[in-house]
Every structure is written in C-alpha cells, then in structure tokens.
Amino acid sequence: VVKKGVRIRQVACPRKSAMKFQAKLVSGKEGFVALFHHTSADNYCFFHVGELGRKEIVSGFVYGGNEGGESKTIPTELGRWYDVLVKVRDVEYWCYLDGQELFHKVDKRFTKGLMGLATWDANVRFRDISVTTPEGKALWKGLPDLPSE
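## Points about the overall build of the protein
Across its full length, the protein holds one helix and 10 strands. Helices (α) and strands (β) of the protein occur, in sequence order from the N terminus, as β-β-β-α-β-β-β-β-β-β-β. The 149 residues of the protein split such that 44% are buried. Sequence separation of at least 24 residues holds for 60% of the intrachain contacts in the protein that already meet a minimum separation of 6. For the protein, the computed accessible surface area is about 7700 Å², with 47% contributed by carbon and sulfur atoms.

## As for the side chain of Thr76
By the element assignment, Thr76 lies in the loop between strand S5 (66-73) and strand S6 (81-89). Once residues lying within four places of it in the same chain are set aside, the contact partners of Thr76 are Leu25, Val49, Gly50, Arg54, Ile57 and Tyr82.

## Brief notes about the pairing of S6
Here S6 shows one buried face, formed by Tyr82, Val84, Val86 and Val88, and one open face, formed by Trp81, Asp83, Leu85, Lys87 and Arg89. Two elements, strand S2 (residues 16-40) and S6, share nine bridges in a ladder whose sense is antiparallel. Among the inter-strand pairings, Gln22 is bridged to a residue of S6, identified as Asp83. Pairing of S6 with strand S7 (residues 92-97) involves six bridges; the strand directions are antiparallel. The residue of S7 that forms the bridge with Val88 is Tyr93. The antiparallel pairing of S6 with S7 creates a hairpin that spans two residues between the two strands, and Asp90 there sits at a positive phi of about 55°.

## Some remarks on the pairing of strand S9 (residues 113-132)
Taking burial as the measure, the 20 residues of S9 include 14 buried ones, the bulk of the element. Two elements, S2 and S9, share 15 bridges in a ladder whose sense is antiparallel. Bridge assignment links Leu25 to a residue of S9, and that residue is Val124. Sheet topology places S9 next to strand S10 (residues 138-141); three bridges connect them, and they run antiparallel. The residue of S10 that forms the bridge with Ser130 is Lys141. Hairpin connection, S9 to S10: the antiparallel pair is bridged by five residues, and Gly136 has positive phi, about 95°.

## With respect to unusual backbone geometry
If you check the backbone angles, Arg54 has positive phi at about 65° while not being a glycine. Here Arg54 is to be found in helix H1 (residues 51-54). One non-glycine residue, Asp128, lies in positive phi territory at about 50°. As for its placement among the helices and strands, Asp128 is situated in strand S9.

## Quick word on the nonpolar core
By size, the foremost hydrophobic cluster in this structure holds 29 residues, and its most contacted members are Phe21, Phe32, Phe36, Phe47, Leu97 and Phe126. Among the nonpolar cores identified, the runner-up in size contains seven residues, and Val33, Leu35, Phe46 and Val58 belong to it.

## Overview of the environment of Lys141
Note that Lys141 resides in strand S10. With 122 residues separating them in the primary sequence, Lys141 and Met19 have C-alpha atoms 9.7 Å apart. Ignoring any residue separated from it by four or fewer positions in sequence, one finds Lys141 in contact with Ile129 and Ser130.

Scoring rules and cut-offs
Residues numbered from 1 in each chain as written. Predicted model: local features only at pLDDT ≥ 70, side-chain atom pairs only at ≥ 80, totals over all residues. Heavy atoms only, no water. Helix = DSSP H or I, 4+ residues; strand = E, 2+ residues; numbered from the N terminus. Buried < 20%, exposed > 50% of the residue type's maximum accessible area, 1.4 Å probe, protein only. Contact = heavy atoms within 4.5 Å. Areas by Shrake-Rupley, 256 points an atom, 1.4 Å probe, with all protein chains shown as cover. Pairing = 2+ DSSP bridges. Core = buried A, V, L, I, M, F, W, Y, C linked by side-chain atoms within 4.5 Å.

What follows is the structure, given as structure tokens:
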C-alpha cells in the first residue's frame with residue numbers, strides 16, 4: 001500500500017511512450033495520480049483519478065507553477081481495481097480508465113519528461129505497472145522500491 005501523499009519511482013521516457021497499471025483505492029478522501037511530461041515540480045502533466053472527494057477525474061497540468069486542466073464527474077470507489085493507461089506522443093496524450101478514453105489533449109508546452117505515480121490524500125495499491133515504447137519495448141516493468149516509513 002502506498003501511503004497518503006507519496007510519490008513513487010519516476011521513469012525517464014522517450015517522447016513516445018505509454019504507462020499502464022492497475023490501482024485500487026484502499027482508504028482516504030482522494031485518489032491516485034499518473035504523472036507524465038514531468039520535468040520539475042513546477043512543470044508536468046497529470047491524470048488524477050479520485051479528485052474532490054473521489055467524485056472527479058482530472059486531466060491537468062502544472063506549468064510555471066500554475067495549475068489548470070479539465071475534469072469529468074466520475075465517482076470512484078474504495079476497494080475496486082482500476083485499469084489505467086496514459087499514452088504520450090510528443091505534445092499529444094491520451095488518458096484511459098478501464099479501457100475508456102476520457103481525455104485526449106495536445107499541449108505544445110510539454111514534449112518530454114518523466115513518468116511516475118503518486119497518491120493524493122489516499123492509501124492506494126498498485127500492480128501490473130509497465131512503461132513501454134509504442135512498439136511495446138519495456139522501459140519499466142513491475143513494482144518499484146518504496147520509501148521506508
């Protein structure tokens with residue numbers, strides 16, 4: 001279980017890659033986050049599942065310290081496994097939940113960076129984590145080492 005507010009391993013990725021994983025909300029008020037195009041604490045994109053009290057799903061960004069994005073009202077549940085896929089192709093990206101495309105964006109401010117996972121005021125289980133190229137070559141597979149308590 002990844003504890004509330006913890007970021008786990010970030011992987012350097014080529015401009016074209018995909019991150020796929022399963023996540024289950026165990027407890028807490030919020031959810032989990034897939035980070036991508038992450039170049040600094042002030043510049044990254046995110047796919048947040050379970051925002052605003054587990055009532056919304058957000059595709060967003062932080063650019064120069066300013067945050068923005070788009071949300072959809074889709075409640076999330078504790079104790080349920082979610083399939084997540086984030087595909088990145090240079091300035092274009094797609095965010096999927098349980099096989100359904102929720103967001104497709106083009107943002108020329110973001111072209112490269114790390115991919116990673118985080119929690120936000122929630123305890124979350126992750127499994128089946130993989131980061132691949134469009135051709136399917138594995139860049140990362142499995143669970144990372146977690147920070148000690």
